[in-house]
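Given next are the chains, with one letter for each unit.
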Amino acid sequence: MLQAENVNAYYGKLQVLHELSLTITDGERVGIFGHNGAGKTTLLKSLVGDVSQVDGTIHYHQHAILAGQVHLNVRRGIGFVPQGNNVFRELSVEQNLRIAGLMHDTAYAESVYGIFPILKERQLQQAGSLSGGQQQMLALGMALMTRPRILLLDEPTTGLAPIVVKDVLSSVRTINQSEGTTVLIVEQNVQATLQEVERAIVLKAGRVIFDGASKQLLEENNLWHLF
Ligand SMILES: Nc1ncnc2c1ncn2[C@@H]1O[C@H](COP(=O)(O)OP(=O)(O)OP(=O)(O)O)[C@@H](O)[C@H]1O
Ligand SMILES: [Mg+2]
């Protein structure tokens, strides 16, 4: 279980998260939504210990998540895929996976290929020449190489065509269902993501303004009043 209680996060004098509390149960798929600047990335970074000015408490399975201890938190099973380019473009698909798995087990690449067969097909191709969607799958695969129990994904579908967005989002569900990995995903593709997650959290100006079943948001016609 990942539990944040009364978390405030700041960059200098700017307070971005305000008394934010949430609990993520093992095995859940949760979407986090909200406008640009709402604090979604800051929340994910805080959960992995990558924001230096945080107060309140964050625990993952009884361990306190401390600021500046990203390496320790990753070892405890928290995987984080940041927004943007996350692959070594000059290296092959296989080399990318092996580097990501160095701390653990490079042979696990075979299991990653099981989830993303396209990566197996492109094993020797330079990562920089993969399509955008394939690069995102490689970034997800690299995160899986660290054998996370919980995966924090920051907008994995940015810049992708709608059809590829669906592929990437459904692979997130596959990871959750085949590996039992808990998934916390920040997305701007709200409708498509709501189809893949069980629970939705909406942030507005650093506060939780909705936390409930994704179905509830899907069924609500005036969903946008929340944003
Ligand atoms: N390193 C930083 N230093 C100073 N201010 C920052 C820093 N990172 C983010 N901010 C500010 O904190 C606020 C929240 O940013 P954050 O990146 O968490 O938003 P977001 O919800 O992820 O937005 P987006 O949808 O655009 O990715 C913004 O006002 C942003 O300008
Ligand atoms: Mg962001």
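Residues numbered from 1 in each chain as written. Chains lettered and ligands numbered in written order. Predicted model: local features only at pLDDT ≥ 70, side-chain atom pairs only at ≥ 80, totals over all residues. Heavy atoms only, no water.

### Remarks on a nonpolar patch on the surface
On the surface, a cluster of nonpolar side chains totalling about 310 Å² of accessible area is made up of Phe88, Ile99 and Leu102. On the basis of relative accessible area, Ile99 is assigned to the partly exposed category, the value being 39%. (Patch = residues over 30% accessible without salt bridge, like charges linked within 9 Å, V, L, I, M, F, W, Y side chains within 5 Å. Areas by Shrake-Rupley, 256 points an atom, 1.4 Å probe, with all protein chains shown as cover. Salt bridge = Lys/Arg side-chain N within 4 Å of Asp/Glu carboxyl O. Buried < 20%, exposed > 50% of the residue type's maximum accessible area, 1.4 Å probe, protein only.)

### Comments concerning the coordination of the magnesium ion (ligand 2)
Coordination of the magnesium ion (ligand 2) by the protein involves Thr41 (OG1) and Gln83 (OE1), with metal-donor separations of 1.9 to 2.7 Å. With Thr41 in helix H1 (residues 40-48) and Gln83 in the loop between strand S6 (78-81) and helix H3 (93-100), this pair connects stretches of sequence that are 42 residues apart. Here Thr41 falls in the partly exposed class, since its relative accessible area comes to 23%. The exposure class of Gln83 is partly exposed, given its relative accessible area of 40%. (Donors = N, O, S within 2.8 Å, 3.2 Å for Na, K, Ca; no water. Helix = DSSP H or I, 4+ residues; strand = E, 2+ residues; numbered from the N terminus.)

### What about the pairing of strand S10 (residues 207-213)?
Bridge count between strand S9 (residues 199-204) and S10: 6 bridges; the pairing is antiparallel. Residue pairing for S10: Ile201 is matched across the bridge by Asp211. In textbook terms, the turn of a hairpin is the stretch between consecutive antiparallel strands, and for S9 and S10 this stretch comprises 2 residues, one of which, Ala205, has a positive phi near 45°. (Pairing = 2+ DSSP bridges.)

### Remarks on helix H7 (residues 162-179)
Here H7 contains 18 residues, and its C-alpha end-to-end distance of 26 Å stays within 8% of the 26 Å for a straight helix at 1.5 Å per residue. Those residues of H7 that fall on the buried side of the exposure criterion are Val165, Val168, Leu169, Ser171, Val172, Ile175 and Asn176. Along the long axis of H7, the arc covered by the buried residues comes to 150°, so they all point the same way. Set apart from the buried face of H7 by more than 90 degrees, the exposed residues are Ile163, Lys166 and Gln177. Residue Gly180 follows H7 closely and has a positive phi angle near 75°. (Expected span 1.5 Å × (residues − 1). Arc of directions from axis to C-beta.)

### So, the pattern of salt bridges
Using the criterion set out here, one finds 5 salt bridges in the structure. We note a salt bridge from Asp211 to Arg199, for which the minimum N-O separation is 2.8 Å. Residue Asp211 is located in strand S10, and its partner Arg199 is located in strand S9; the two are separated by 12 residues in the primary sequence. When its relative accessible area of 38% is taken as the criterion, Asp211 is described as partly exposed. Three or more residues are tied together by salt bridges with common partners; here these are Glu28, Arg199 and Asp211.

### Describing the sheet that holds strand S5 (residues 63-64)
Adjacent strands of a sheet form backbone hydrogen bonds with each other and so pair up, either parallel or antiparallel. On the basis of which strands lie adjacent, the open sheet formed by 4 strands has the order S2-S1-S4-S5 and antiparallel pairing. Only two strands of the sheet have a single neighbouring strand rather than two, namely strand S2 (14-24) and S5. Across the sheet, H1 lies against strand S1 (2-11), S2 and strand S4 (53-60), angled at about 65° from S2, the strand it touches most. (Contact = heavy atoms within 4.5 Å. Axes fitted to C-alpha atoms, helices over the stretch in contact; angles between N-to-C directions.)

### What to know about the site of ligand 1
Near ligand 1, the surroundings consist of 14 residues, among which Gly37, Gly39, Lys40, Thr41 and Thr42 are the closest. The side chain of Lys40 places a nitrogen or oxygen atom 2.7 Å from an oxygen atom of ligand 1. Contacts to ligand 1 include Glu155, whose side-chain N or O atom sits 3.5 Å from an oxygen atom. Of all the secondary-structure elements, those providing two or more residues to the shell around ligand 1 are S2 and H1. With 3 residues, the top contributor of residues to the shell around ligand 1 is H1. Considering only residue class, the shell around ligand 1 consists of 4 nonpolar, 8 polar and 2 charged. (Near = heavy atom within 4 Å. Polar contact = N/O pair within 3.5 Å; in protein donor to acceptor, adjacent residues only side chain to side chain. Nonpolar A, V, L, I, M, F, W, Y, C, P; charged D, E, K, R; others polar.)

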